[in-house]
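Single-letter residue listing:
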Amino acid sequence: MKRELAALALLLLLVVGAWWNVQTVDQLTDSIRRDLLQSQQAVAQGDYPTAERLLQQGLARFVKAAPYTQVFIRHDEIDSCMDAFYDYAATLCEEESPEALAACEKLLYHLQGIDSMEHPLPGSIF
Amino acid sequence: MAIVLIRTLLIYALLLVTMRLLGKRQLGEMELSEFVVAAVIADLAALPLQDIGIPMMNAVVPIVTLFCCEILIAGISMKSLRLRTLLFGRPSILISQGKILQSELRRNRFTLDELLQELRSQGIDDIRKVKTAILETDGRLNVLLSASAEPVSPELLGIDVPEKGYPIVVINDGRTLSANLRHSGHDARWLEKQLKSHGLQSAEQVFLMTVNAFDEIYLAKKEGQP
C-alpha cells in the first residue's frame, strides 16, 4: 500500500508540476509579448531606438529564462524563436517599417507556438 | 558527445530504478498491458538519447507517469477482482475432458495450429489425454493431464520419499555468503571444519559449496586447486 501511495503522490506531484509549467510559460511569453507589442507600436510610429530597446528587453527575458526553457521546451522551438528575435533586430537596424512589422509578427507567432504547445488544449493534445 | 554520455547514464539509472520498482516478473510472465508499458518505456527512453534537441523531461515525465500508473493499477487490481478481470481478462478453458471447446478457441483468437503446437511443445500428442487446457491471461497454455496419462510419481506408487530440502549456496566463487550460512543453521567454525575435511585451507579455493537440510554438502573446488 505504501508503494501505491507513493506512486499516487508522485503522480499528483507531476500534475502540480505540469500546472506550474503552464503558468511559467504563460508568464514568460506574456511578458515578452507585451514588450514586442510595444516595440511594434514604436515601429509604426517610426521610433526605432525605442522599438530596439523593447526588443532587447524581450530578448533578455527570453535568454534569462534559458535554464527553464532548455529543460522543458524542445530545443528546435527555442532556436526558431531566437532566430526570429535576431531577424526582427536586423530589420530594426535597417529601419524598414514593413519588414520590421512582419518580423515582429513572426516572432509573436513563435512565442504563441511555444505557449500553446504547453497548454492542455485539444489541438496540442491530439 | 558528453551530453549523450551523461543523458545515457541518467536514463539508464532511471530505467534501473523503474524496472526494479515495477517488480520481479519476467518478460514471459508479463500481462499484455505490462508488456506494452515496458515496450513504451523502452522507446521513450531512447528518444532523448537519439536526439539531444529533445529535452530529457520529454522522456522522464512520461516514464515516471507510466510507472506510477502501472504501480497504481497493479495495486488496485490486487484488491479488486472486477478490475483485474477488466484489465487482464480471465483464464479460458480451451480443452475440457479431452474435448476442444471451439467457441472458446475462436473467442481467444487461438488457432487450432497454435493449440496443437503448444500441446506438442509440452510433449502431448493425444488430445484425449488432456483433462483441462487453460489459456492463462499472460498467454501461456497450462495443461492438466487426465489421471491415467499423468506420469508415475512416488505418491501414486505409495512410496515414501524423504524430503531433501533446498540446497543453500554458502560459498559462491570463493566468497562466503554469511547470511546463507546462518540460514542453513551453521557458522564459520562449521564451514572451516568442512573445508579442512575436503583438504582446503580457505573459502577462496572453493568455486561452489551448497548444503541442504540434511547437511549433505556439494563442493566444487576452483579449477587449478589441488
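Higher on the page you've got the structure.
Because the structure is a prediction, the values reported are computed rather than measured.

(A) Molecular detail of the overall build of chain B. Secondary structure summary: chain B contains nine helices and eight strands in total. Taking 2.2 N^0.38 as the reference for a compact globule, 226 residues should give roughly 17 Å; the C-alpha atoms of chain B span a radius of gyration of 26 Å, well beyond that estimate. C-alpha atoms of chain B, sized along the principal axes, occupy 65 × 65 × 35 Å. Expressed as a percentage of the 226 residues in chain B, the buried residues total 29%. Contacts in chain B between residues far apart in sequence, at least 24 positions, make up 48% of those at least 6 positions apart. Total accessible area computed for chain B in this model is approximately 15,400 Å², and 59% of it derives from carbon and sulfur atoms. The average position of the 25 basic charges and that of the 25 acidic charges among the side chains of chain B differ by 4 Å.

(B) Representation of the packing of helix 2 (residues 32-50) of chain B against helix 3 (residues 57-79) of chain B within the structure. Residues and elements named next belong to chain B. The N-to-C vectors of helix 2 and helix 3 enclose an angle of 165°; their axes lie 9 Å apart at closest approach. Our classification of the angle between helix 2 and helix 3 gives roughly antiparallel. Crossing geometry of helix 2 relative to helix 3 is assigned as left-handed. Judged by residue contacts, E34, V37, V40, I41, L44, A45 and P48 of helix 2 engage A59, P62, I63, L66 and E70 from helix 3. Classifying every residue of the contact of helix 2 with helix 3 by side-chain character gives 10 nonpolar, no polar and two charged.

(C) Broad picture of the nonpolar core. Residue and element names in this part refer to chain A. Among the nonpolar cores identified, the biggest contains 29 residues, and L36, L55, F62, F85, Y88, L92 and L107 are the most heavily contacted of them. When contributions to this core are tallied by element, the ones reaching two or more residues are helix 1 (2-44), helix 2 (48-64), helix 4 (75-93) and helix 5 (97-118). It is helix 4 that provides the largest number of residues to this core, a total of eight residues. Residues in contact with L55, not counting those within four places in the same chain, are L36, S39, F85, Y88, A89, L92 and L107.

(D) Structural view of the sheet that holds strand 8 (residues 217-221) of chain B. All names here are of chain B. Strand order in this open sheet of four strands is 6-5-7-8, and the pairing throughout is antiparallel. What marks the edges here is a single partner per strand, and that holds for strand 6 (175-176) and strand 8. Summarising the sheet, strand 5 (residues 168-172) and strand 6 pair through two bridges and their orientation is antiparallel. Opposite I171, over in strand 6, you have T176 as the bridge partner. Packing of helix 9 (residues 188-197) onto the sheet brings it into contact with strand 5, strand 6, strand 7 (206-211) and strand 8, and relative to strand 7 it is tilted by some 120°.

(E) Inspection of the sheet that holds strand 4 (residues 141-145) of chain B at higher detail. All names here are of chain B. Strand order across the open sheet formed by four strands is 2-1-3-4, with antiparallel pairing between neighbours. Among the strands making up the open sheet, the edge pair consists of strand 2 (99-100) and strand 4. Those strands touched by helix 6 (residues 112-121) are strand 1 (92-96), strand 2, strand 3 (130-135) and strand 4, and its axis lies near 60° from that of strand 4.

(F) How the structure looks around the packing of aromatic side chains. All names here are of chain A. Enumeration according to the criterion identifies four aromatic pairs over all chains in this entry. With centroids separated by 5.6 Å and ring planes inclined at 40°, the aromatic side chains of F62 and F85 adopt a geometry described as tilted. Of the two residues, F62 is situated in helix 2 and F85 in helix 4; the sequence distance between them amounts to 23 residues. What makes F62 buried here is its relative accessible area of 4%. With a relative accessible area of 1%, F85 lands in the buried category. Through a chain of ring-to-ring contacts, the aromatic side chains of W20, Y68 and F72 assemble into a single cluster.

(G) Structural context of the environment of V64 of chain B. Note that V64 of chain B resides in helix 3. The class for V64 of chain B is buried, based on a relative accessible area of 14%. Along the chain, V64 of chain B and D173 of chain B lie 109 residues apart, while their C-alpha atoms are 38 Å from each other. Not counting the four nearest positions on each side in its chain, V64 of chain B is found in contact with L10 and L14 of chain A together with L14 of chain B.

The rules behind the values
- Residues numbered from 1 in each chain as written.
- Chains lettered and ligands numbered in written order.
- Predicted model: local features only at pLDDT ≥ 70, side-chain atom pairs only at ≥ 80, totals over all residues.
- Heavy atoms only, no water.
- Helix = DSSP H or I, 4+ residues; strand = E, 2+ residues; numbered from the N terminus.
- Rg over C-alpha atoms; globule rule 2.2 N^0.38 Å.
- Buried < 20%, exposed > 50% of the residue type's maximum accessible area, 1.4 Å probe, protein only.
- Contact = heavy atoms within 4.5 Å.
- Areas by Shrake-Rupley, 256 points an atom, 1.4 Å probe, with all protein chains shown as cover.
- Lys, Arg positive; Asp, Glu negative; His and termini not counted.
- Charge placed at Lys NZ, Arg CZ, Asp CG, Glu CD.
- Axes fitted to C-alpha atoms, helices over the stretch in contact; angles between N-to-C directions.
- Parallel < 35°, antiparallel > 145°, perpendicular 65-115°, else oblique.
- Left-handed = near helix turned anticlockwise from the far one by under 90°.
- Nonpolar A, V, L, I, M, F, W, Y, C, P; charged D, E, K, R; others polar.
- Core = buried A, V, L, I, M, F, W, Y, C linked by side-chain atoms within 4.5 Å.
- Pairing = 2+ DSSP bridges.
- Phe/Tyr/Trp six-rings, centres within 6.5 Å; stacked < 30°, edge-to-face > 60°.

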